[in-house]
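# Chains, contacts and geometry: an overview
Next come the chains, spelled out residue by residue.
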Amino acid sequence: TTDPTFNATSVTGGVSGATLAKYNFKAFGEDVKISYLKVKSSRALDNMTIYVNGAPATSSQNVATDGASVNFSLGSSLIVPANTTVSVEIRGDTKKGGVKISDGESITITLNPYPSSNAQGVTSSKMSIVPSSNVTAQELTVGSGGLSLSASSAFASGTIAPNTSNQKIGSYIIQAGDAESVRISNIRVELSANDINNLSNLYIKYGSNQSTPVNPQAINNFPVTIEV
């Protein structure tokens, strides 16, 4: 079955080893060895690989055309103990021929029934086909990192007292898109004041960190390392 904890709806374009689908395999009655899996991708992509419990279990293969299926040999890498769940991930590069898959394209992974028996009970030696029918993971939309910036509604406009130290003069919310995390290396603060010389010790605070205070100018740049 698909892993319900993997609920992503997007994937970053142009990256290597992105997780495209997760499945849970569970055996009943006896341990089961699965030697082969057939994986279909709705989108051509590079270096599709199967991971078992977080470790690579196959060599990588390219999906040459949209909608093509690839057969993987797992050897003894996928043995599902009785009454135990094993996590199987499908990973791949969101590239085709080394070129980034365009934003807005979608990728859907499906486990297909193998053409012949690909699973064997370790004790009974009984052969079977796993999965017995198509198991399709959720569709992932290819995208790139993005940020949105808005004034914090919790900080209302008003009057501040003169000659006051450590006075908050602005508050903002930065939010990343759902495609990937975004690293911020600089924040630029522009000030508009009747007399900037009446201000001092300007700094920004983010989380539990804050920048070194500076003598305020009309334009102020603060080097930061923030991952959103």
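The following refers to the structure shown. Everything numeric in this text was worked out from a predicted model, so none of it was measured.

As a further point, take the overall build of the protein chain. Within the protein chain one finds 0 helices and 24 strands. Against the 2.2 N^0.38 benchmark of 17 Å for 228 residues, the protein chain shows a C-alpha radius of gyration of 26 Å, more extended than a compact globule. Principal-axis analysis of the C-alpha atoms places the extent of the protein chain at approximately 85 × 40 × 25 Å. With 228 residues in all, the protein chain has 35% of them scored as buried. Look at the contacts in the protein chain between residues 6 or more apart in sequence, and 69% of them connect residues 24 or more apart. Only carbon and sulfur atoms are counted for the fraction: they give 45% of the accessible area of the protein chain, which is about 13100 Å². Looking at the protein chain, you have 15 positive and 15 negative side-chain charges, and the mean spots of the two groups are 4 Å apart.

Going through the model one piece at a time under the given rule, you end up with 1 aromatic pair. Relative to Y114, the ring of Y36 has its centre 5.3 Å away and its plane inclined at 20°; by these criteria the two rings are stacked. With Y36 in strand β4 (residues 36-41) and Y114 in the loop between β14 (109-112) and β15 (119-121), the pair connects residues that are 78 residues apart, well separated along the chain. Its relative accessible area of 35% is what places Y36 among the partly exposed residues. What makes Y114 buried here is its relative accessible area of 14%. Positioned above the aromatic ring of Y51 is the side chain of R91, whose terminal nitrogen or guanidinium carbon lies 3.7 Å from the ring centre.

Moving on, we come to the environment of P223. Among the secondary structure elements, P223 is positioned in strand β24 (residues 219-227). You can call P223 exposed: its relative accessible area is 68%. Taking the C-alpha atoms as reference points, P223 and T212, 11 residues apart in sequence, are found 9.7 Å from one another. The residues touching P223, leaving out its near neighbours within four places in the chain, are S185 and N186.

Before going further, it helps to examine the side chain of D93. Its place among the elements puts D93 in strand β10 (residues 85-93). Despite its burial, D93 remains without a salt bridge, the nearest opposite charge being carried by K95 at 5.2 Å. Here N47 takes part through its side chain, which lies 2.6 Å from a polar atom of the side chain of D93.

Next up on the list: the pattern of salt bridges. In the structure shown here, the tally under the stated rule is 5 salt bridges. The residue R91 makes a salt bridge to E89 at a minimum N-O spacing of 3.0 Å. A single burial state applies to R91 and to E89, both of which are buried. For R188, the salt bridge is made with E190, and the minimal N-O distance between the two is 2.8 Å. Salt bridges sharing partners connect three or more residues here, namely R43, D66 and E105.

Criteria and cut-off values
- Residues numbered from 1 in each chain as written.
- Predicted model: local features only at pLDDT ≥ 70, side-chain atom pairs only at ≥ 80, totals over all residues.
- Heavy atoms only, no water.
- Helix = DSSP H or I, 4+ residues; strand = E, 2+ residues; numbered from the N terminus.
- Rg over C-alpha atoms; globule rule 2.2 N^0.38 Å.
- Buried < 20%, exposed > 50% of the residue type's maximum accessible area, 1.4 Å probe, protein only.
- Contact = heavy atoms within 4.5 Å.
- Areas by Shrake-Rupley, 256 points an atom, 1.4 Å probe, with all protein chains shown as cover.
- Lys, Arg positive; Asp, Glu negative; His and termini not counted.
- Charge placed at Lys NZ, Arg CZ, Asp CG, Glu CD.
- Phe/Tyr/Trp six-rings, centres within 6.5 Å; stacked < 30°, edge-to-face > 60°.
- Lys NZ or Arg CZ within 6 Å of the ring centre and 35° of its normal.
- Salt bridge = Lys/Arg side-chain N within 4 Å of Asp/Glu carboxyl O.
- Polar contact = N/O pair within 3.5 Å; in protein donor to acceptor, adjacent residues only side chain to side chain.

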